[in-house]
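Breakdown of the fold
One-letter residues, chain by chain:
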Amino acid sequence: MPVHRSGTAHRLRPLAVGILLTAFSLLFTLPSSAADVPARGSARMGMGVVAHDGQDGTPTSGDATQTEGVDVSGYQGNVAWSTLWSSGVKWAYTKATEGTYYTNPYFAQQYNGSYNVGMIRGSYHFATPDTTSGATQANYFVDHGGGWSGDGKTLPGALDIEWNPYGASCYGKSQSAMVSWISSFLTQYKARTGRDAVIYTATSWWSSCTGNYSGFASSNPLWIARYASDPGTLPAGWSYYTMWQYTSSGPTVGDHDKFNGALDRVQALANG
């Protein structure tokens, strides 16, 4: 007698194919894997601005008296400072440190090179509040290029506090805990240098991660990040910005900034 094979196997094949296709589809729509997270130490000013706030134009010239500046990190490598100086850039900030585990290998060329062509320069620290305390990171910063001297050419150090490129945007901290961490850093930095550090941030991050805290505005200059034709709404407490990072795609090096005032105001900040 002929053997009648069950149709079950034939019905299961399309089902199995469907399951495989669904699995492949999910694979390509899953969130970024750990392999997509940048290496520790590679963070730089404004790294998350475009992704979180977008970009919409650049400032129009002639609106106010402003002084052009740049900020650089190890990402830029050796910088053509004479080219920047010739183009009208008069001040610069260089990334010195991140957390308590990274120092910029190009720091000397960038920090000293800007000074040697005549620029007023400063250094900045990329904060990682999830790794060590604010005071500990302030000490690390001062000990590795973040100090200040009253030579008329050195700006106070800047705290770069923004989106976490390695994980949760607010570094796993509550708003009150974030304010406490920032306060710890600023207090220790002033104790070590005698200067109030500049705060670099974006309004959207500040609102989300500190609850739009206004308590630092009376003492710490604001460096706002916004890639648009104007700096937009500032964080609570600050009625004006001191510096504004307005693009990450400028000439010679990408990150260009405006100081809110003429060159003598930059010098005044350097002198304290």
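Description of the structure in this document. (Residues numbered from 1 in each chain as written. Predicted model: local features only at pLDDT ≥ 70, side-chain atom pairs only at ≥ 80, totals over all residues. Heavy atoms only, no water.)

In this section: the overall build of the protein. The helix and strand inventory of the protein stands at 8 helices and 11 strands. For the protein, the proportion of its 272 residues judged to be buried stands at 44%. Sequence separation of 24 or more characterises 69% of the internal contacts of the protein that already satisfy a separation of 6 or more. In the form shown here, the protein has an accessible surface area of approximately 12700 Å², with 54% of it arising from carbon and sulfur atoms. (Helix = DSSP H or I, 4+ residues; strand = E, 2+ residues; numbered from the N terminus. Buried < 20%, exposed > 50% of the residue type's maximum accessible area, 1.4 Å probe, protein only. Contact = heavy atoms within 4.5 Å. Areas by Shrake-Rupley, 256 points an atom, 1.4 Å probe, with all protein chains shown as cover.)

Next up on the list: helix α6 (residues 175-193). Compared with the 27 Å implied by 1.5 Å per residue over 19 residues, the 27 Å span of α6 between its first and last C-alpha is a close match. Within the sequence span of α6, burial applies to Met178, Val179, Trp181, Ile182, Phe185, Leu186, Tyr189 and Thr193. Along α6, the residues classed as buried sweep out an arc of 160° about the axis, all on the same side. Seen from the open side of α6, the exposed residues pointing more than 90 degrees away from its buried face are Ser176, Thr187 and Ala191. Packing partners of the buried residues in α6 comprise β5 (120-126), α5 (134-143), β6 (158-160), β7 (198-201) and α7 (203-210). Where α6 terminates, the next one or two residues include Gly194, which has phi positive at roughly 80°. (Expected span 1.5 Å × (residues − 1). Arc of directions from axis to C-beta.)

In this section: helix α8 (residues 263-271). When α8 is considered as a whole, its buried residues turn out to be Val266, Leu269 and Ala270. Viewed end-on, α8 has its buried residues packed into an arc of 100°, placing them on one side of the element. Each element contacted by the buried residues of α8 is listed here: β2 (67-72), β3 (91-98), β5, β10 (243-247) and β11 (256-259).

With that out of the way, let us pick up the state of the cysteines. Tallied over the full model, the rule gives 1 disulfide. Here Cys170 connects covalently by a disulfide to Cys209, the sulfurs 1.9 Å from one another. Residues Cys170 and Cys209 are joined through a disulfide that is left-handed, its torsion about the S-S bond being -75°. Taken together, the residues span a long stretch of sequence, with Cys170 in the loop between β6 and α6 and Cys209 in helix α7 at a distance of 39 residues. (Disulfide = S-S within 2.5 Å.)

Here Pro251 shows up in the loop between β10 and β11. Through-space distance from the C-alpha of Pro251 to that of Val70 is 9.9 Å; in sequence the pair is 181 residues apart. Those residues within four positions of Pro251 in sequence are excluded, and the remaining contacts are Leu84 and His256.

All right, on to the packing of aromatic side chains then. Tallied over the entire structure, the rule returns 16 aromatic pairs. Taken together, the ring pairs in this structure connect Trp91, Tyr93, Tyr200, Trp223 and Phe259 into an aromatic cluster. Between the NZ or CZ atom of Lys90 and the centre of the ring of Trp85, over which it lies, the distance is 3.6 Å. A cation sits over an aromatic face here: Arg121 above Tyr111, 3.8 Å from the ring centre. (Phe/Tyr/Trp six-rings, centres within 6.5 Å; stacked < 30°, edge-to-face > 60°. Lys NZ or Arg CZ within 6 Å of the ring centre and 35° of its normal.)

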